[in-house]
Amino acid sequence: MSSENLAHHLHLRAEDVGRYALLPNCPEHVAPIAALLDDPEFVARNREFETWRGTLGGERVIVTSTGVGAPSTALAVEELAALGVETMIRVGASGSMLPDVVNGELAVLTSAIRDEGTTKQYLPVEFPAIADIEVVLALREAAERAGVPFRCGTAHTKDSYYGETETDRMPMAATLKERFETWRRGGAVCSEMESAAVFVVGTVLKVRTGSVVLMWSQDAIDNGPAPSIEPLFATAVDAVRTLVATGTRSGAAAPSAVGA
Ligand SMILES: O=P(O)(O)O[C@H]1O[C@H](CO)[C@@H](O)[C@H]1O
Ligand SMILES: O=c1cc[nH]c(=O)[nH]1
């Protein structure tokens, strides 16, 4: 935070935000998500971080892009938490790890495999990357209401996109393949690049977090077409509407939940 209380990377102040944030990583997705809120307006842009805001049920909701990968996502979660945001939901895309996934099926993530470097600078890898239960349930209800194919499960969060999608040309191809197969056998549903950071940094900062991602099928990753993104955006916004209406707050911060 700078001397004028301007968040260093996001270029936001406490008065710019509310208690809820939706976190796509692509700046181009911010305005279309904000358009699903009441009274959307642009707030700020710096680097890969663009922010819009609106309201749901009278409660301010911001939409901020995180950029690709765990490092920039971690600093977005850090700065938003410092400004007072209490609930954050990643809204993104992923590659399916299962053969039976419909192209564009949603995954409501309950947890993530920490196969990235950022969160190891917060907690040892034995500590799980898990979503907040209230956020998971709100996302699951929203996906059911949207009537779209979805499943709940664990994501694989990695640092190298091409290590996943073009494994054969990597010097570490054998190791990458073995590890990827291990995650698959363990039941991971998809691979992406941010959710572990959202969950672990959120846990450390005692804000509640969740993540909903659409899954590209294996065939679509190689040959297209790109799945439709609108059901993803609608599901994420509908989940926030539920959380606002039920008024549940920061489960991760509740004394009973942290044993404080
Ligand atoms: O589509 P988004 O949400 O950007 O997410 C996925 O796509 C990006 C890689 O192309 C990574 O950020 C990965 O997590
Ligand atoms: O396969 C994919 C698709 C989107 N994002 C990823 O990280 N992997």
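Data block above holds the structure.
Description of the structure in this document. As the structure is a computational prediction, the values presented were derived from the model and not from experiment. (Residues numbered from 1 in each chain as written. Chains lettered and ligands numbered in written order. Predicted model: local features only at pLDDT ≥ 70, side-chain atom pairs only at ≥ 80, totals over all residues.)

The subject of this paragraph is the overall build of the chain. Within the chain one finds nine helices and 10 strands. Relative to the 2.2 N^0.38 estimate, which gives 18 Å for 260 residues, the radius of gyration of the chain is 17 Å and therefore close to what a compact globule would have. For the chain, with 260 residues in total, the buried portion stands at 48%. Look at the contacts in the chain between residues 6 or more apart in sequence, and 79% of them connect residues 24 or more apart. (Helix = DSSP H or I, 4+ residues; strand = E, 2+ residues; numbered from the N terminus. Rg over C-alpha atoms; globule rule 2.2 N^0.38 Å. Buried ≥ 20, exposed ≤ 12 C-beta atoms within 10 Å, placed from the backbone. Contact = placed C-beta atoms within 7 Å.)

With that settled, consider helix H5 (residues 173-185). The terminal C-alpha atoms of H5, which comprises 13 residues, lie 18 Å apart, in line with the 18 Å expected from a rise of 1.5 Å per residue. Looking one or two places after H5, you find Gly187, whose phi comes out positive at around 105 degrees. (Expected span 1.5 Å × (residues − 1).)

Attention now moves to the site of ligand 1. Around ligand 1, a shell composed of Asn25, Cys26, Val68, Gly92, Ala93, Ser94, Tyr161, Glu192, Met193 and Glu194 is seen. A per-element tally of the shell around ligand 1 places strand E5 (residues 87-96) first, with three residues. The residue makeup of the shell around ligand 1, split by class, is five nonpolar, three polar and two charged. (Near = placed C-beta within 6 Å. Nonpolar A, V, L, I, M, F, W, Y, C, P; charged D, E, K, R; others polar.)

What follows concerns the packing of helix H2 (residues 70-83) against helix H6 (residues 195-205). For the pair H2 and H6, the least separation of the axes is 9 Å and the interaxial angle reads 30 degrees. Considering the relative orientation of H2 and H6, their crossing is right-handed. Together, Ala70, Thr73, Ala74, Val77, Glu78 and Ala81 of H2 and Ala196, Ala197, Val198, Val201, Gly202 and Leu205 of H6 make up the contact between the two elements. Per-class residue counts for the contact of H2 with H6 are nine nonpolar, two polar and one charged. (Axes fitted to C-alpha atoms, helices over the stretch in contact; angles between N-to-C directions. Left-handed = near helix turned anticlockwise from the far one by under 90°.)

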